[in-house]
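Here are the chains, one letter per residue:
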Amino acid sequence: MKVVVDMNKCQDHGQCVFAAPDVFRLDDSGHLAYVADPGEELRDEIEEAADVCPLQAIRIED
Amino acid sequence: MSAPVVVAGASMAGLRAAEQLRATGWTGPITLVGDEPHMPYNRPPLSKGVLAGHTPFESLAFRPRAAVTDVRWRLGTRVVAADLDRRIVELDNGEALPYGGLVVATGMRPRRLRCPGPAIGRHTVRTLADAQGLREALTRPGVRVVVVGAGFIGCEVAATAVTLGAAEVTVVDPLPLPMVGPLGELLATALLERHQRRGIRFALGTGVTGFHGSDHVTGVALSDGTALAADVVVESVGSLANTEWLDGNGLDLTDGVVTDDQLRVGGRPDVVAVGDVARFPNARYDGVPRRVEHWSIPTDTAKHAARVLAAHLRGAEAGLPPFAPLPTFWSDQHDFRLQSFGAPTLGKQDVRVLDGDPDGDVLVGYHTDGRLVGVVALGGPAATAAAARYRAELLQQPALTA
Ligand SMILES: Cc1cc2nc3c(=O)[nH]c(=O)nc-3n(C[C@H](O)[C@H](O)[C@H](O)COP(=O)(O)OP(=O)(O)OC[C@H]3O[C@@H](n4cnc5c(N)ncnc54)[C@H](O)[C@@H]3O)c2cc1C
Ligand code: SF4
């Protein structure tokens, strides 16, 4: 599975981090970092993260 | 074929309800009926990025999950009535649509001021069309803007108007401070100062009594006897629930649709409510039914309600614990953000600075009986991150006793 975050949209809300902490995190300066090719077992978490992103910046490409 | 699940209201909460019904394994037909002509879109940028012109209108559309490609969309169609005993909703084209399950997701509309004066030049911000119209008005050179109502949307629109180069921006509110209802005095004072430093004027402790001008607004008359010149007026004075179509079914519709602690409506297992329109008790707090107009609520309510409804449609009980979401909201104004977790309004009598100071990045805690019930951060990313660190603590706390 491929995860793409549109960094032009992302405003570092961090909601994705609560939903899928294995995939998304905020670095020390408060900016988003993420795993671009997570395992299939994380799909539910990632769909949830995509739902709760206020900017709708997260896209899952199968 | 069995009657579909009908979702009334095809915006965020309606879409999420459909997606969550599919996620529970419900494969039966689903029909979404929405009176706007558009597929569901994201509203928060309407008072921020989209209004400022950073974010194109086209980027607002939600990307529906693949699981809902087979649902039926009836857009540009309004539900005008419902007969819950007969399980039928009536559409504006006269069609009667039978349902097996009904999801109420019709949201809110802006409240309007009723005082006398011209209507042209007065705006609200709820829909794409509203934001497009307002953006056009705000980008004319030298405009003087009066924002009536210093809540979330009023403060955001005022900030955006200044960014767009409006000649004058004044916010009017009968309360003494902006956003004092959700934030309490300490943060509302800090917020006022930040807005003032960025060029916004405030007329607080005074209401609006009328509008000047013949066709188009030229000014706003205030209850303290003064007047403000205005080319553009934005009315952000709260919202009204879209529930008229449910009249006549014996429901409590005084402020949204009252639900039980499983989001069911009127004691009916086949009707649930989601999103802004739902007035639900939150088992995390005092159990008093409240509407919550925050972006996290459509998704949270949809998850719970879909499981409850799908279980009923399969002839079972979901057996879920009472609905108990952790509320969260954010608001972007100028170059700073407000970020909240929990229920600060329940702890406004005991407010403490947890970190930082009100002139810079600050994190504030709200307490009931000495216990933390909510946090709000004001400032940059560091403040928001500090608020997020309290989220886990708020999530773990046992319910408040009523
Ligand atoms: C300008 C703006 C900025 C916001 N900013 C923030 C923010 O920064 N942070 C935050 O937490 N929240 C914010 N919110 C709140 C958030 O957007 C809402 O909580 C969310 O949109 C609610 O979604 P909903 O689907 O419940 O309701 P709505 O989006 O109102 O959807 C209801 C839909 O039903 C339709 N409808 C109504 N009656 C009928 C009928 N009879 N028949 C058919 N269709 C009908 C409506 O036209 C609408 O499309 C903001 C809201 C606005 C308007
Ligand atoms: S939730 Fe969205 S905006 Fe926030 S950090 Fe994640 S991707 Fe960025």
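Since the structure is predicted, the reported quantities are computational estimates derived from the model, not experimental observations. (Residues numbered from 1 in each chain as written. Chains lettered and ligands numbered in written order. Predicted model: local features only at pLDDT ≥ 70, side-chain atom pairs only at ≥ 80, totals over all residues. Heavy atoms only, no water.)

## So, the overall build of chain B
1) Next: Along chain B, the regular secondary structure elements total eight helices and 27 strands.
2) Next: Taking 21 Å as the expected radius of gyration for a compact globule of 402 residues, we find that chain B reaches 22 Å, a close match to that expectation.
3) Next: Counting only C-alpha atoms, chain B reaches 60 × 55 × 35 Å along its principal axes.
4) Next: Within chain B, the proportion of its 402 residues that are buried is 56%.
5) Next: Partitioning the contacts of chain B with sequence separation of at least 6, the portion at a separation of at least 24 is 63%.
6) Next: Computed over 39 positive and 42 negative side-chain charges, the separation of the two mean positions in chain B equals 4 Å. (Helix = DSSP H or I, 4+ residues; strand = E, 2+ residues; numbered from the N terminus. Rg over C-alpha atoms; globule rule 2.2 N^0.38 Å. Buried < 20%, exposed > 50% of the residue type's maximum accessible area, 1.4 Å probe, protein only. Contact = heavy atoms within 4.5 Å. Lys, Arg positive; Asp, Glu negative; His and termini not counted. Charge placed at Lys NZ, Arg CZ, Asp CG, Glu CD.)

## Points about the sheet that holds strand 2 (residues 30-34) of chain B
Residues and elements named next belong to chain B.
1) Next: Strand order across the open sheet formed by six strands is 3-2-1-7-20-19, with mixed pairing between neighbours. Each of the sheet's edge strands pairs with one partner strand only, and the pair in question is strand 3 (72-75) and strand 19 (264-265).
2) Next: Pairing between strand 2 and strand 3: four bridges, direction parallel. Bridge assignment links Gly-34 to a residue of strand 3, and that residue is Leu-75.
3) Next: In the packing of helix 1 (residues 12-23) onto the sheet, the strands contacted are strand 1 (5-8), strand 2, strand 3 and strand 7 (101-104), and the crossing angle to strand 2 comes to about 175°.
4) Next: Contacts from helix 7 (residues 296-313) reach strand 1, strand 7, strand 19 and strand 20 (268-273), with the element oriented near 155° to strand 20. (Pairing = 2+ DSSP bridges. Axes fitted to C-alpha atoms, helices over the stretch in contact; angles between N-to-C directions.)

## Examining the site of ligand 2
1) Next: Neighbouring residues of ligand 2: Val-5, Cys-10, Gln-11, Asp-12, His-13, Gly-14, Gln-15, Cys-16, Leu-32, Cys-53, Pro-54 and Ile-58 of chain A.
2) Next: Taken together, the residues that form the shell around ligand 2 break down as seven nonpolar, four polar and one charged. (Near = heavy atom within 4 Å. Nonpolar A, V, L, I, M, F, W, Y, C, P; charged D, E, K, R; others polar.)

## Regarding the UniProt feature "domain: FAD/NAD(P)-binding" (unreviewed entry) in chain B
1) Next: Feature annotation in UniProt assigns "domain: FAD/NAD(P)-binding" (unreviewed entry) to the following positions: residues 5-289 of chain B.
2) Next: The distance separating the terminal C-alpha atoms of residues 5-289 of chain B is 25 Å; by composition the span is 20% helix and 28% strand. (UniProt positions renumbered as here; feature names shortened; annotations may be inferred.)

## Focus on the site of ligand 1
Residue and element names in this part refer to chain B.
1) Next: Of all residues adjacent to ligand 1, which total 33 residues, the nearest are Asp-35, Glu-36, Arg-43, Lys-48 and Asp-276.
2) Next: At 2.4 Å, a side-chain N or O of Asp-35 approaches an oxygen atom of ligand 1.
3) Next: Glu-36 places a side-chain nitrogen or oxygen 2.6 Å from an oxygen atom of ligand 1.
4) Next: In the complex, the protein chains occlude 95% of the 1000 Å² of accessible area that ligand 1 would expose alone.
5) Next: Counting only elements with at least two residues in the shell around ligand 1, the list comes to helix 1, strand 2, helix 4 (152-163) and strand 23 (328-333).
6) Next: Residue classes in the shell around ligand 1 are distributed as 14 nonpolar, ten polar and nine charged. (Polar contact = N/O pair within 3.5 Å; in protein donor to acceptor, adjacent residues only side chain to side chain. Areas by Shrake-Rupley, 256 points an atom, 1.4 Å probe, with all protein chains shown as cover.)

## Things to note about the packing of aromatic side chains
1) Next: Per the stated rule, a full pass over the model turns up five aromatic pairs over all chains.
2) Next: With a centroid separation of 5.1 Å and 70° between ring planes, the pair formed by Phe-280 of chain B and Phe-323 of chain B is classed as edge-to-face. With a gap of 43 residues between them, Phe-280 of chain B in strand 21 (residues 278-280) and Phe-323 of chain B in the loop between helix 7 and strand 23 connect regions that are remote in the sequence.
3) Next: With relative accessibility at 2%, the residue Phe-280 of chain B sits in the buried group.
4) Next: Geometrically, the ring pair formed by Trp-295 of chain B and Trp-330 of chain B is edge-to-face, given 5.8 Å between the ring centres and 80° between the ring planes. Remark: Trp-330 of chain B occurs in strand 23 and Trp-295 of chain B occurs in the loop between strand 22 (290-291) and helix 7; sequence separation between them is 35 residues.
5) Next: Taking the ring centre of Phe-336 of chain B as reference, the NZ or CZ of Arg-194 of chain B above it sits at 5.5 Å.
6) Next: The ring of Phe-18 of chain A carries the charged tip of Arg-391 of chain B above its face, separated from the ring centre by 3.9 Å. (Phe/Tyr/Trp six-rings, centres within 6.5 Å; stacked < 30°, edge-to-face > 60°. Lys NZ or Arg CZ within 6 Å of the ring centre and 35° of its normal.)

## Things to note about the pattern of salt bridges
When the charged atoms of two side chains with opposite charge come close together, those side chains can pair.
1) Next: Tallied over the entire structure, the rule returns 29 salt bridges over all chains.
2) Next: A salt bridge links Arg-16 of chain B to Glu-19 of chain B, with the shortest nitrogen-to-oxygen separation between them at 3.0 Å. With Arg-16 of chain B and Glu-19 of chain B both in helix 1, this residue pair falls three residues apart, about one helical turn. Taken individually, Arg-16 of chain B and Glu-19 of chain B each receive the classification buried, so the pair is uniform in this respect.
3) Next: Notably, a salt bridge pairs Arg-352 of chain B with Asp-350 of chain B, separated by 2.9 Å at the nearest N-O pair.
4) Next: Arg-352 of chain B sits in the partly exposed class, given a relative accessible area of 37%.
5) Next: Several salt bridges converge on common partners, so that one network encompasses Glu-47 and Asp-51 of chain A together with Arg-16, Glu-19 and Arg-65 of chain B. (Salt bridge = Lys/Arg side-chain N within 4 Å of Asp/Glu carboxyl O.)

## Description of the sheet that holds strand 27 (residues 371-379) of chain B
The strands making up a sheet are joined through hydrogen bonds of the backbone, oriented either antiparallel or parallel.
Residue and element names in this part refer to chain B.
1) Next: Strand order across the open sheet formed by five strands is 23-24-27-26-25, with antiparallel pairing between neighbours. Sheet topology places strand 23 and strand 25 (351-356) at the edges, where each strand pairs with a single neighbour. Between one strand axis and the next, the sheet turns through 20° on average, direction left out of account.
2) Next: As judged from the six bridges shared by strand 24 (residues 336-342) and strand 27, these two strands associate in the antiparallel manner. Its bridge partner being in strand 27, Leu-338 is matched across the sheet by Leu-378.
3) Next: With respect to the sheet, helix 8 (residues 381-396) is in contact with strand 24, strand 25, strand 26 (362-368) and strand 27, its orientation differing from that of strand 27 by roughly 165°.

## Concerning the interface of chain B and chain A
1) Next: Each partner contributes residues to the interface: chain B has 20 residues there, and chain A has 17 residues.
2) Next: Area buried by chain B at its contact with chain A is led by Arg-63, Arg-65 and Arg-337 of chain B, which between them contribute 31% of it.
3) Next: On the surface where chain B and chain A come into contact, there are four salt bridges.
4) Next: Close ionic contact of Arg-16 of chain B with Asp-51 of chain A constitutes a salt bridge, the shortest N to O distance being 3.7 Å.
5) Next: Of all the secondary-structure elements, those providing two or more residues to the side of chain B that touches chain A are helix 1, helix 7, strand 23, strand 24 and helix 8 of chain B.
6) Next: Residues belonging to the side of chain B that touches chain A are distributed by class as follows: six nonpolar, six polar and eight charged. (Buried area = accessible area lost by both parts, 1.4 Å probe.)

## Here we look at the side chain of Thr-243 of chain B
1) Next: Structurally, the position occupied by Thr-243 of chain B is in the loop between strand 17 (239-241) and strand 18 (257-258).
2) Next: Excluding its chain neighbours within four sequence positions, the residues that come into contact with Thr-243 of chain B are Leu-253, Gly-256, Val-257 and Val-277 of chain B.

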